[in-house]
Every structure is written in C-alpha cells, then in structure tokens.
Amino acid sequence: MKTTAETSSRPARRQRRPRPVLPLLSGVLLLAGCSGNSPSALNPAGAGATRVNGLWWLLFWISVAVFAEVMALLAWALVFRRGAARVRHSQPLRFVAIAGAGLPFIILVAVYGVGLRDLAALGAGPGRDALTVEVTGHKWWWEVRYEGSSGATANEIHIPVGERVRVRLRTDDVLHSFWVPQLMPKTDLIAGETRETWLEARQAGRYRGQCAEYCGTQHAHMAFLVVAQPRADFDTWRARLDAPAPAPRTDAERRGQQTFVQGTCAACHSIRGSGAQGRVGPDLSNVGSRWSIGAGAVPNDAGHLGGWIANSQTVKPGNAMPPQPVDAARLPDLIVYLRSLE
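These numbers were taken from a predicted model, which means no experiment stands behind them.

A word on the sheet that holds strand S7 (residues 184–189)
Argument step 1. The five strands are arranged S4-S10-S9-S6-S7 in an open sheet whose pairing can be described as mixed. Every other strand in the sheet has two partners, leaving strand S4 (156–160) and S7 as the edge strands with one partner each. Strand-to-strand twist of the sheet, defined as the mean angle between neighbouring strand axes without regard to direction, takes the value 20°.
Argument step 2. Two strands pair when backbone bridges link them, and strand S6 (residues 176–180) and S7 are joined in this way by four bridges, in the antiparallel orientation. The partner of valine 180 across the bridge, within S7, is methionine 184.
Argument step 3. Contacting S4 and strand S10 (223–229), helix H5 (residues 231–242) runs over the sheet at an angle of about 135° to S4.

Here is the structure:
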C-alpha cells in the first residue's frame with residue numbers, strides 16, 4: 001500500500017484545459033450560412049430591397065461608432081482611474097449633456113427621418129396599369145394567378161425585368177408571410193384580408209422567396225421562386241399560361257394522361273385541356289418546367305416526382321395529398337406525361 005507521503009510527493013497531474021470546440025463549431029456554422037446561393041437582403045436586386053439594405057448598413061455603422069466610443073471611454077477610465085488630476089464640477093455635467101443626451105437625440109432623429117423616407121418609398125405602389133399578380137397562400141404552397149388570365153401556376157412568379165409589379169396577397173387558411181429578401185421586405189397574409197405589395201427586379205434572374213411566418217409543420221418547405229425575364233420572354237411565358245397544356249406526343253404520354261384523368265389525380269388537380277378540373281391542389285398544366293416539387297421540398301426530376309406521386313407524406317409529412325393508388329406498371333407513363341407539361 002502506498003503511503004500518504006509517497007502520494008503527496010507525486011507531481012500534481014496537469015488539468016486539461018477545455019478546447020474551444022463549441023465556439024469553433026459555431027463559427028463554422030455561421031460561415032456555412034453565408035453561402036453565395038443564400039437569398040440575402042444584403043444582396044439587393046430590386047428597389048425595395050435596396051431601401052432595406054441602405055437602412056441596415058446605416059444602423060450597422062452607427063452601432064459600430066457607438067461601440068468604438070464606449071470602448072475608448074472604458075480604456076480611458078481604466079488607464080487614468082488613479083490619476084491625480086482634479087475634475088471640475090461642470091465638466092461631467094457638460095459631458096453627459098452632450099455625449100449622453102445631445103448626440104443620441106440627433107442620431108435618433110436622423111434615423112427616424114431616414115426610416116420615414118424609406119417607409120414612404122416602400123409604400124408607394126405601382127400605377128393603375130401595372131401588371132397584377134394574385135398570390136394565395138395555402139398549407140403549404142403558393143397559388144399564383146395573373147389578373148386577366150385564366151391560367152394558374154404554383155410556387156413560381158414570373159415578372160418582367162425593370163417593371164414594378166403589383167402583388168395581391170391572400171391566405172386560404174392560416175397566417176403566412178410573403179418575403180423575397182433580394183427584392184422586397186416581407187408582407188403578412190392575414191385571413192379575411194387582401195394585402196398588397198410590389199416587386200421590381202433590376203436584372204434578369206431567379207430570386208428565391210419564402211414564407212416568413214411560422215404556419216405549421218411544413219413552414220420551412222413553403223418556398224417559391226420569382227423569375228425575372230425580359231418583357232418579350234415574359235409575354236411568351238404568359239401566353240403559354242393561358243393556352244391548353246401540351247397534348248401527348250408519344251404512346252407513353254398518352255397512357256400517362258389516361259392514368260391521370262381516370263385516376264384519383266384529377267379529383268384534386270387540373271390540367272388545362274385534359275378534362276381534369278380539380279381545385280384542391282396546384283394546377284399542373286406546366287408542372288414539368290417548375291423548379292421544384294412541393295414548394296421547394298425536393299428537386300423536380302423523375303425520381304422525386306415518382307416518390308411524390310406514390311406517397312408524398314414520406315417527402316413532405318403533413319401535406320394535404322394522401323398516398324396515391326397508382327399501379328406500379330402505370331407510374332412510369334404518368335411520370336413521363338407530367339414531365340412533358342412545360
């Protein structure tokens with residue numbers, strides 16, 4: 001048995017210092033969130049987002065200046081805290097009046113004025129003759145219609161470049177929020193009300209939008225895409241929106257159309273010119289050209305489309321579409337037909 005003296009003579013085991021794993025991991029995650037593909041209000045591509053961006057940077061640099069001033073005063077106090085210099089009675093009062101009341105008042109008034117200017121600019125809607133898009137929020141997808149058009153699409157909004165477009169917003173169920181960070185600040189959709197906002201893109205491109213108000217299980221998978229195009233391309237796309245869906249060209253497409261119309265799909269979905277007139281789910285007349293399936297849940301390709309048709313609950317649990325009793329032998333033809341609808 002080891003004696004107490006022997007035990008005490010041993011050098012104390014050095015205690016390991018905890019490694020800063022958590023701060024390092026947090027930093028990595030923050031950097032990962034700064035992907036170039038992430039839609040950011042600090043990367044504006046429209047007049048509305050530019051206003052928000054300017055106000056954000058103004059507040060940021062004011063905060064930086066205030067922080068630097070406070071740190072400088074703290075350093076000054078620490079360095080001279082034992083100094084023998086005597087301070088006159090009027091000096092602290094003057095300092096507090098100027099730095100503690102006067103400067104903050106001027107800054108707040110200036111920021112308030114800039115904020116009012118930007119709010120007025122953001123609230124100024126387009127003219128009467130502007131293109132009007134009607135967007136309805138559902139759990140969990142976006143229905144998109146154009147005033148004066150009979151056709152509809154889902155989870156995509158096409159707009160002409162350089163034109164201010166009016167957007168009328170409604171919700172079919174719960175509270176949603178319409179937000180395109182690179183083009184415009186968010187606007188809430190409130191049951192029983194029709195809200196208005198506007199979109200304007202300075203250059204052609206694809207801008208991701210998102211529901212910005214928690215609306216239930218699949219809130220994160222309620223995305224949409226704004227596609228800004230030259231006016232001629234937009235007019236061509238809108239003409240296709242009103243036209244009947246492309247007719248089947250191959251035997252596989254014809255069999256797929258028959259499966260769609262005669263099965264359960266037509267009870268909820270519509271395809272212009274096919275006899276399917278369902279109103280519960282999205283119009284599928286141009287589903288083959290859409291950017292995603294399930295409002296951003298999965299990419300729009302043959303594999304994911306087949307999985308969505310067979311059992312969308314495994315892809316987006318809680319959505320309104322139940323598993324479909326489509327025969328396995330007919331499913332490939334149905335996929336081919338739906339992907340031909342562009």
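What about the pairing of strand S5 (residues 165–171)?
Argument step 1. Of all the seven residues making up S5, five are buried; the element is thus mostly covered by neighbouring parts of the structure.
Argument step 2. In this sheet, S5 lies alongside strand S1 (residues 132–138) in parallel orientation, the contact comprising six bridges. Across the sheet, threonine 132 pairs through a bridge with arginine 166, a residue of S5.
Argument step 3. Alignment of S5 against strand S8 (residues 195–199), held across five bridges, turns out to be antiparallel. Across the sheet, the residue bridging to leucine 169 is arginine 195, located in S8.

Topic: a nonpolar patch on the surface
Argument step 1. There is a patch of nonpolar side chains on the surface, built from Leu42, Trp56, Trp57, Phe60, Trp61 and Val64 and spanning about 560 Å² of accessible area.
Argument step 2. Mapped onto the fold, tryptophan 57 is located in helix H3 (residues 47–79).

Notes on the pattern of salt bridges
Argument step 1. Summed over the entire model, instances satisfying the criterion amount to 16 salt bridges.
Argument step 2. We note a salt bridge from arginine 231 to aspartate 235, for which the minimum N-O separation is 3.2 Å. Taken together, the residues arginine 231 and aspartate 235, both in helix H5 and four residues apart, mark about one turn of the helix.
Argument step 3. For aspartate 235, a relative accessible area of 38% corresponds to the partly exposed category.
Argument step 4. Between aspartate 333 and arginine 255 there is a salt bridge; the shortest N-O distance is 2.8 Å. Linking aspartate 333 in helix H8 (residues 331–339) with arginine 255 in helix H6 (residues 251–262), this pair joins segments that are 78 residues apart in sequence.
Argument step 5. For aspartate 333, a relative accessible area of 14% puts it in the buried group.
Argument step 6. Through salt bridges that share partners, Glu147, Arg166, Arg168 and Glu196 make up one connected network.

Cut-offs and rules
Residues numbered from 1 in each chain as written. Predicted model: local features only at pLDDT ≥ 70, side-chain atom pairs only at ≥ 80, totals over all residues. Heavy atoms only, no water. Pairing = 2+ DSSP bridges. Helix = DSSP H or I, 4+ residues; strand = E, 2+ residues; numbered from the N terminus. Axes fitted to C-alpha atoms, helices over the stretch in contact; angles between N-to-C directions. Contact = heavy atoms within 4.5 Å. Buried < 20%, exposed > 50% of the residue type's maximum accessible area, 1.4 Å probe, protein only. Patch = residues over 30% accessible without salt bridge, like charges linked within 9 Å, V, L, I, M, F, W, Y side chains within 5 Å. Areas by Shrake-Rupley, 256 points an atom, 1.4 Å probe, with all protein chains shown as cover. Salt bridge = Lys/Arg side-chain N within 4 Å of Asp/Glu carboxyl O.

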